[in-house]
Amino acid sequence: MSVSQTVVEYLRQHELRLTTAESCTAGKIVTLLAEVPGSGDLIESGYVVYSPEAKQRLLNVSPHTIKTFNLTSCEVAREMALGALLDSTANVAVATTGILGPEDVDGIPAGTICFAWAYQTERGKYVFTHQHRFFGSRSKVQLLAAEHALKQISFFHQRALTGEQDQVNQ
């Protein structure tokens, strides 16, 4: 069974509806899920937001966060995920921002991707972030990052259900 099929089953079993906020993955997360028959009712929306202006306008990412931490940061990914969750009827959001390569940018190594997973549960909102470096061509890094984002949905969802992570006051 593919990563996408496994995620679609998990979303369905747990009554989760997904939105994404993708920068470097450029819609690849939603594309991978949409390839699975019957996944349409589990995908609420998908944002592709490359520029700082789009992140601010569409997802309410703070200019201060971008200036302080850089576009490729877990802090920006966190705000992207929360912004997507807030603007949708979804109860899970996945966000990606990073450097596909081939060159490093602003001292950030090529292949560095920042992720965030946000969940709306009965107990409140929970957000998890993670940074990972992948190696390969631009398209390979993009695919690996999208698959990683999908693979972690169930892991972080289980943590959210147990209240493991800090609750976001929103």
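Quantities reported herein were computed from a predicted structural model and do not represent experimental measurements. (Residues numbered from 1 in each chain as written. Predicted model: local features only at pLDDT ≥ 70, side-chain atom pairs only at ≥ 80, totals over all residues. Heavy atoms only, no water.)

1. Remarks on the overall build of the protein chain
Basically, it comes down to this: Counting from the N terminus, the helices are DSSP H or I runs at least four residues long and the strands are E runs at least two residues long. When we talk radius of gyration, it's over C-alpha atoms, and the globule rule is simply 2.2 Å times the number of residues to the 0.38. Classification of residues uses two cut-offs on accessible area relative to the type maximum, computed with a 1.4 Å probe and protein chains only: under 20% is buried, over 50% is exposed, and between them is partly exposed. Note on contacts: a residue pair qualifies if any of its non-hydrogen atoms lie within 4.5 Å across the two residues. Here, Shrake-Rupley sampling with a 1.4 Å probe gives the accessible areas, and only protein chains in the shown set may cover a residue. The convention is simple: Lys and Arg are positive, Asp and Glu are negative, and His and the chain ends are not counted. For the purpose of locating charges, the reference atoms are NZ of Lys, CZ of Arg, CG of Asp and CD of Glu.
For the protein chain, the helix and strand inventory stands at 6 helices and 6 strands. When the helices and strands of the protein chain are placed in sequence order, the string is α-β-α-β-α-α-α-β-β-β-α-β. For the protein chain, the C-alpha radius of gyration of 15 Å lies close to 15 Å, the compact-globule estimate for 170 residues. With 170 residues in all, the protein chain has 52% of them scored as buried. Contacts in the protein chain between residues at least 24 apart in sequence constitute 64% of all its contacts with a sequence separation of at least 6. Within the structure as shown, the protein chain displays about 8,100 Å² of accessible surface, and the carbon and sulfur contribution to it stands at 49%. Side chains of the protein chain carry 14 positive and 17 negative charges; the gap between the two charge centres is 2 Å.

2. Focus on the packing of aromatic side chains
Going by this rule: Two rings from Phe, Tyr or Trp (for Trp, the six-membered ring) form a pair when their centres are within 6.5 Å of each other. A pair whose planes differ by under 30 degrees is stacked, one over 60 is edge-to-face, and the rest are tilted.
Enumeration according to the criterion identifies 6 aromatic pairs in this entry. Residues Tyr-119 and Phe-128 carry aromatic rings whose centres are separated by 6.2 Å and whose planes lie at 70 degrees to one another, so their mutual orientation is edge-to-face. Put simply, the rings of Phe-115, Trp-117, Tyr-119, Phe-128, Phe-134, Phe-155 and Phe-156 touch in pairs and so form one group of aromatic residues.

3. Quick notes on unusual backbone geometry
Across the junction of Gly-101 and Pro-102, the peptide omega takes the value 15 degrees, indicating a cis bond. Within the secondary structure layout, Pro-102 lies in the loop between β3 (92–98) and β4 (112–121). Non-glycine residue Asn-70 carries a positive phi angle of around 90 degrees. Within the fold, Asn-70 resides in the loop between α4 (63–69) and α5 (74–86). Residue Asn-70 is classed as partly exposed on the basis of its relative accessible area of 26%. Positive phi values are uncommon outside glycine, yet Asp-106 reaches one of about 50 degrees. Looking at the secondary structure, you find Asp-106 in the loop between β3 and β4. Looking at Asp-106, the relative accessible area reads 65%, which means it is exposed.

4. Notes on the nonpolar core
Here is the rule we go by: To form a nonpolar core, buried Ala, Val, Leu, Ile, Met, Phe, Trp, Tyr and Cys residues must be joined to one another through side-chain atoms within 4.5 Å.
Judged by nonpolar contacts, the single largest core of 32 residues is most densely connected at Leu-11, Leu-33, Ile-113, Trp-117, Tyr-119 and Ile-153. Counting residues per element, the ones that place at least two in this core are α1 (3–13), α2 (28–34), β3, β4, β5 (124–133) and α6 (138–161). Counting residues per element, this core draws most heavily on α6, at 8 residues. Excluding residues within four positions of it along the chain, Leu-11 makes contact with Leu-16, Leu-18, Leu-33, Leu-42, Val-92 and Ile-153. Formed by 21 residues, the second largest nonpolar core is a distinct cluster that contains Ala-54, Val-76, Ala-77 and Ala-93.

5. A few points about α1
An α-helical turn contains 3.6 residues, so any two residues separated by three or four positions project in the same direction. Note the threshold: Directions are taken from the helix axis to each C-beta atom, and the arc is the one they span.
Among all positions of α1, only Ser-4, Val-7, Val-8, Tyr-10 and Leu-11 are buried. On an axial view of α1, the arc spanned by its buried residues comes to 165 degrees, and they lie on one face. Each element contacted by the buried residues of α1 is listed here: β1 (18–22), α2, β3 and α6. Positioned one or two residues after α1, Glu-15 has a phi angle of 50 degrees, which is positive.

6. Description of the packing of α1 against α6
The test is simple: Note on method: axes are straight lines fitted to C-alpha atoms, helices fitted across the in-contact stretch only, with angles between N-to-C directions ranging 0 to 180 degrees. The cut-offs work like this: below 35 degrees is roughly parallel, past 145 is roughly antiparallel, 65 to 115 is roughly perpendicular, and the gaps in between are oblique. In this scheme, a crossing is called left-handed if the near helix is turned counterclockwise away from the far one by less than a right angle; it is called right-handed if the turn is clockwise.
Relative orientation of the contacting elements α1 and α6 amounts to 30 degrees, with a least axis distance of 9 Å. Taken together, the axes of α1 and α6 are roughly parallel relative to one another. Remark: the crossing between α1 and α6 carries left-handed chirality. Contacts between α1 and α6 pair Val-3, Ser-4, Val-7, Tyr-10 and Leu-11 from the former with Glu-147, Leu-150, Lys-151, Ile-153, Ser-154, His-157 and Gln-158 from the latter.

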